[in-house]
Amino acid sequence: MKKILIIGSGAMGAAFSIPLIDNSHKVTLTEPYNLKLLKILSLKKFHPALKINLPKKLVIKKFTSDILSIKWDLIVIAVSSIGIDSIGEYLKNFKKTTPILVLTKGLKLDKNKIITMSEQLKKSNKKLNISVLKGPCLAKELSRKVKSYTVVANKNIKIAKNIGNIISTNFYRTEYSNDVKGVEFSSAIKNIYSMIIGSGQGNNTSSALFRKSVEEMEYLIKFFKGKKETVYGLAGIGDLYVSAVGGRNSKMGEYLGKGFTFKQAKKKFMREDTIEGADLAFEIAPYVFKKISNKKVPLMIALLKAIIKNNKLKINY
Ligand SMILES: NC(=O)c1ccc[n+]([C@@H]2O[C@H](COP(=O)([O-])OP(=O)(O)OC[C@H]3O[C@@H](n4cnc5c(N)ncnc54)[C@H](O)[C@@H]3O)[C@@H](O)[C@H]2O)c1
């Protein structure tokens, strides 16, 4: 039995507690930001986004810096990308070698380069023992024990495998990778490509856009110094598939494909939804426009222009 801390009790943080509890670990789910959610979770043990009752054995608490002084066997970070900076602040003076597992998907523009979530955390403390976990995972399905697959990445594959042993169950299977950059970049940019695929006029168009997206993802992963084969793994086409067939990003893509601008579609159809691909577009567009040739990634550039400039999406393919 291991003692595991989860930071972030949104859909994914809470869903991730299910395989851990199944493996008889002692799990504490904490919330650093959303006090309304914390109140509901603490009072009812019901998760409003997952629409399930959480396990009785799951401990639910507000996240505070004191919690980090407890000896944990694994710390899981499951906040959205916007919250990574604040978690980095808490971990600034963290001296332990406790494995930290980052579930958050996203990229940040840092001065003149694009960095991953784990790189951003390492900026606050170089010594953190960070692994990342990505892949196709609808939190609702994981929370209902629908068989799901994930990839744990660390340059030291032994550390990744040790984490895999803690989290794997018969319904949550783990694969491993030492290509941390490739896994993080793939899992982030698939949100942009799922919008592009969603914009197809029909399945025929979307399939061709899927093929072209994979080609561009390969180029980008190599550009950002990951391994191109990672694009063919769970964090790449695995995650791209699940986002393209049924996620908020592909839904936004569908509206863009129908001729709405991003702002019109957001206001009219998706006012309350977070569109992670759009947030990412705002983050990386200045870099991509400057450093990456339109000839290499025409779909990505067309989508970024549509989001950033609020133009109609024009895909010339
Ligand atoms: N690795 C995987 O298998 C996997 C699967 C699904 C989602 N995800 C990723 O996990 C992350 C969370 O997804 P989710 O579906 O749980 O989202 P969610 O919106 O349900 O939850 C977001 C969490 O982040 C916290 N948060 C938001 N803003 C914050 C801030 N400024 N400071 C601190 N905390 C803040 C919220 O309070 C909440 O705990 C996303 O990056 C998502 O892409 C990963």
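Residues numbered from 1 in each chain as written. Predicted model: local features only at pLDDT ≥ 70, side-chain atom pairs only at ≥ 80, totals over all residues. Heavy atoms only, no water.

### A short note on the domain arrangement of the protein chain
Convention followed: The split of the chain into domains comes from an automatic or database domain assignment. The contact rule is simple, with two residues in contact once any of their heavy atoms fall within 4.5 Å. Throughout, the accessible surface (probe 1.4 Å) given up by two parts as they are put together, summed over both, is called the buried area. A side-chain nitrogen of Lys or Arg and a carboxyl oxygen of Asp or Glu constitute a salt bridge if their distance falls within 4 Å. Identification of polar contacts relies on pairs of N or O atoms within 3.5 Å, with a donor-acceptor requirement for protein atoms, meaning one able to donate a hydrogen and the other able to accept it, and with residues adjacent in sequence counted only if both atoms are side-chain atoms.
As assigned here, the protein chain comprises domain 1 (3-178) and domain 2 (185-308). For domain 1 and domain 2, the distance between their C-alpha centres works out to 25 Å. Taken together, the 19 residues of domain 1 in the interface contact 19 residues of domain 2. Of the roughly 1600 Å² buried where domain 1 meets domain 2, counting both sides, 68% is carbon and sulfur surface. Our enumeration of links across domain 1 and domain 2 arrives at one salt bridge. Ionic pairing is found between aspartate 239 and lysine 105, a salt bridge with its closest N-O pair at 2.8 Å. Counting across the domain 1 and domain 2 interface gives three residue pairs in polar contact (both at pLDDT 80 or more).

### Some words on helix 4 (residues 117-124)
How we decide: Burial classes: relative accessible area under 20% of the type maximum marks a residue as buried, over 50% as exposed, and values in between as partly exposed (1.4 Å probe, protein chains only). Helix and strand assignments come from DSSP, with helices taken as H or I runs of at least 4 residues and strands as E runs of at least 2, each series counted from the N terminus. It is the directions from the helix axis to the C-beta atoms whose arc is reported.
Taken together, the buried positions of helix 4 are occupied by Met117, Ser118, Gln120 and Leu121. When helix 4 is viewed along its axis, its buried side chains cluster within an angular range of 160 degrees and face the same direction.

### A closer look at the nonpolar core
So the rule is basically this: Among buried residues, the Ala, Val, Leu, Ile, Met, Phe, Trp, Tyr and Cys ones that are joined through side-chain atoms within 4.5 Å form a nonpolar core.
With 44 residues, the main nonpolar core has Ile192, Tyr193, Ile284 and Met300 as its most contacted residues. If you list the elements that add at least two residues to this core, you get helix 7 (180-198), helix 8 (203-223), helix 9 (234-246), helix 10 (248-257), helix 11 (262-269), helix 12 (276-291) and helix 13 (298-308). Core analysis: the second largest hydrophobic core is formed by 34 residues, Ile21, Val27, Leu142 and Val152 among them.

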